[in-house]
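Single-letter residue listing:
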Amino acid sequence: QAQLVESGGGLVQAGGSLRLSCAASGMRFSIGTMGWYHQAPGKQRDLVAAITSSGSTNYADSVKGRFTISRDNAKNTVYLQMNSLKPEDTAVYYCKYTNWLTGDYWGQGTQVTVSS
């Protein structure tokens, strides 16, 4: 059974850092594109960063230069290093696996709260 489990969220002061992890199981992790999304209350879920199976990355303009996405295929895990956090980064962060053969899978989300 395919599963994604996020961890690493929490409460941090503005300017601080957090590292999110998303552990995958039950899927061919290495061939999928992994993405991090965030969703604030009352807002839509938006892409934060993504990394393809070949390691190509893209970022939302709002996080460029502050966030870094990476993956470890040996551990079936994708990471999101978040630096210089701002109150507007406060949201639930979800990871997503995309594979054209099997479709999409989502994690349950982890809360990130940045205090001013």
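Details of the structure are given in the entry above.
Just so we're clear, the structure is a prediction, and the values are computed from it rather than from any experiment.

1. Description of the sheet that holds strand 8 (residues 77–82)
Strand order in the open sheet made by the four strands is 1-3-8-7, with antiparallel pairing throughout. Edge strands, defined here as strands with exactly one partner in the open sheet, are strand 1 (3–7) and strand 7 (67–72). Averaged over all neighbouring strand pairs, the angle between strand axes comes to 15°, with direction disregarded. The pairing of strand 3 (residues 18–25) with strand 8 spans six bridges and is classified as antiparallel. For Leu20, the partnering residue across the bridge sits in strand 8 and is Leu80.

2. Some words on the packing of aromatic side chains
Under the definition given, this model contains three aromatic pairs. Arranged with centres 4.9 Å apart and planes meeting at 65°, the rings of Tyr37 and Trp106 form a pair that is edge-to-face. Residue Tyr37 is located in strand 4 (residues 33–39), and its partner Trp106 is located in strand 10 (residues 103–106); the two are separated by 69 residues in the primary sequence. Here Tyr94 and Trp106 contribute two aromatic rings whose centre-to-centre distance is 6.4 Å and whose plane-to-plane angle is 85°, an arrangement assigned as edge-to-face. One end of the pair, Tyr94, is in strand 9 (residues 91–99); the other, Trp106, is in strand 10, and 12 residues separate them in sequence. Assessed through its relative accessible area of 13%, Tyr94 is described here as buried.

Reading the values: the criteria
- Residues numbered from 1 in each chain as written.
- Predicted model: local features only at pLDDT ≥ 70, side-chain atom pairs only at ≥ 80, totals over all residues.
- Heavy atoms only, no water.
- Pairing = 2+ DSSP bridges.
- Helix = DSSP H or I, 4+ residues; strand = E, 2+ residues; numbered from the N terminus.
- Axes fitted to C-alpha atoms, helices over the stretch in contact; angles between N-to-C directions.
- Phe/Tyr/Trp six-rings, centres within 6.5 Å; stacked < 30°, edge-to-face > 60°.
- Buried < 20%, exposed > 50% of the residue type's maximum accessible area, 1.4 Å probe, protein only.

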